[in-house]
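Analysis of the macromolecular model
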Amino acid sequence: MIKRPILLLLAAAWLAPAGSGQTPPAVDRTMAPRLAAAVERIEKAPPSDKPRPLEFSETELNAYIAFRLEESKEDVLRDLRLKLYPENRIEGWLVLDFSGHRIPSWIKERMNLYFEGTLEIEAGQARFGFNQLFLEKEPMPLMMLDMIILIASQLGKTDAKGIEDWHDLPAGVRDVRTSQGRFTVWY
């Protein structure tokens, strides 16, 4: 169960362009340990007047996300892959699986969502500003994602209530910045 969906985006391979309907290739989970160790180190680091940077690759991020999903035994979010661009722009692909849950009939049990937007960081919090969203190959109104998040929160699968929600950054993290295929965590 994911209590902080933004953690996967932050902590959280190649991606198909938004709306392409293609599944990204498998993730090499052996790349996860470096980021996992860094998350632990950042959480334990004493506060500093001068923020320190740690840089990671998109491949490491996607491996860490896969590791965390497997470790948490997530039962709705099955997969998440991110492609990183300059200025905190991110494209992503995720798979939601509601099988075994009581959901409204208008929601598909299994969904491939492609998205594009910008990670926003402000005052120790983060949120993802969606610009585009596709269900399979079809554009999807952002309002529909808001409804899906609300339903997931009612199932107890997330603490988020909508796509505009702000979430606390992980302990010790002050900022996150992306560049082409890389991201830097300032702690």
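This write-up is about the structure you can find in this document. Remember, it's a predicted structure, so these values are computed and weren't measured experimentally.

Definitions and cut-offs
- Residue numbers run consecutively from 1 along every chain, following the written order of its sequence.
- Only residues with pLDDT of at least 70 get local features here, since the model is predicted, and only at 80 or more are side-chain atom pairs given and counted; chain-wide, interface and lining totals rely on the full set of residues.
- Here the side-chain values reflect all heavy atoms present in the structure, with hydrogen atoms and water set aside.
- By definition, any uninterrupted DSSP run of H or I lasting at least four residues is a helix, any uninterrupted run of E lasting at least two residues is a strand, and each is numbered from the N terminus.
- Exposure is judged per residue with a 1.4 Å probe applied to protein chains only, and the accessible area is read against the type maximum: over 50% gives exposed, under 20% gives buried, and values in between give partly exposed.
- Here, Shrake-Rupley sampling with a 1.4 Å probe gives the accessible areas, and only protein chains in the shown set may cover a residue.
- Patches here are clusters of residues that have more than 30% relative accessible area and form no salt bridge, with a 9 Å joining cutoff for like charges and a 5 Å cutoff for nonpolar side chains (Val, Leu, Ile, Met, Phe, Trp, Tyr).
- By definition, a salt bridge exists where a carboxyl oxygen of Asp or Glu is found within 4 Å of a side-chain nitrogen of Lys or Arg.
- Interaxial angles span 0 to 180 degrees and are taken between N-to-C directions of axes, which are lines fitted to C-alpha atoms, for helices over the stretch in contact.
- Under this scheme an angle from 65 to 115 degrees is roughly perpendicular, one under 35 degrees roughly parallel, and one over 145 degrees roughly antiparallel; angles in between are oblique.
- Any two residues having at least one pair of non-hydrogen atoms within 4.5 Å are treated as being in contact.
- Residue polarity follows a fixed list, in which Ala, Val, Leu, Ile, Met, Phe, Trp, Tyr, Cys and Pro are nonpolar, Asp, Glu, Lys and Arg are charged, and the others, Gly among them, are polar.

A look at the overall build of the protein chain
Tallying secondary structure elements over the protein chain gives 4 helices and 9 strands in all. Listing the helices and strands of the protein chain from first to last along the sequence gives α-α-β-α-β-β-β-β-β-α-β-β-β. The 187 residues of the protein chain split such that 49% are buried. Of the accessible surface of the protein chain, which amounts to about 9500 Å², a share of 53% is contributed by carbon and sulfur atoms.

What to know about a nonpolar patch on the surface
A surface patch of nonpolar side chains, amounting to about 330 Å² of accessible area, comprises Trp106, Met143 and Met147. Turning to its location among the elements, Met143 is positioned in helix H4 (residues 142-154).

Things to note about the packing of helix H2 (residues 32-44) against helix H3 (residues 58-72)
It is at 7 Å that the axes of H2 and H3 come closest, and there the two elements cross at 80°. Classed by the angle they form, the pair H2 and H3 counts as roughly perpendicular. In this structure, H2 contributes Ala32, Arg34, Leu35, Ala36 and Val39 to the contact, and H3 contributes Glu60, Leu61, Ala63, Tyr64 and Phe67. Here the contact of H2 with H3 is composed, by residue class, of 8 nonpolar, no polar and 2 charged.

Here we look at the pattern of salt bridges
Tallying each qualifying case throughout the model produces 13 salt bridges. With a closest N to O distance of 3.3 Å, Arg78 and Asp97 form a salt bridge. In this pair, Arg78 is assigned in strand S2 (residues 77-84) and Asp97 in strand S3 (residues 89-97), connecting sequence segments 19 residues apart. The exposure class of Arg78 is partly exposed, given its relative accessible area of 36%. Asp97 sits in the buried class, given a relative accessible area of 9%. We note a salt bridge from Arg81 to Asp79, for which the minimum N-O separation is 2.9 Å. Residues joined by salt bridges that share partners form a network here, namely Arg78, Asp97 and Arg110.

Taken by themselves, the reported measurements are silent on function.
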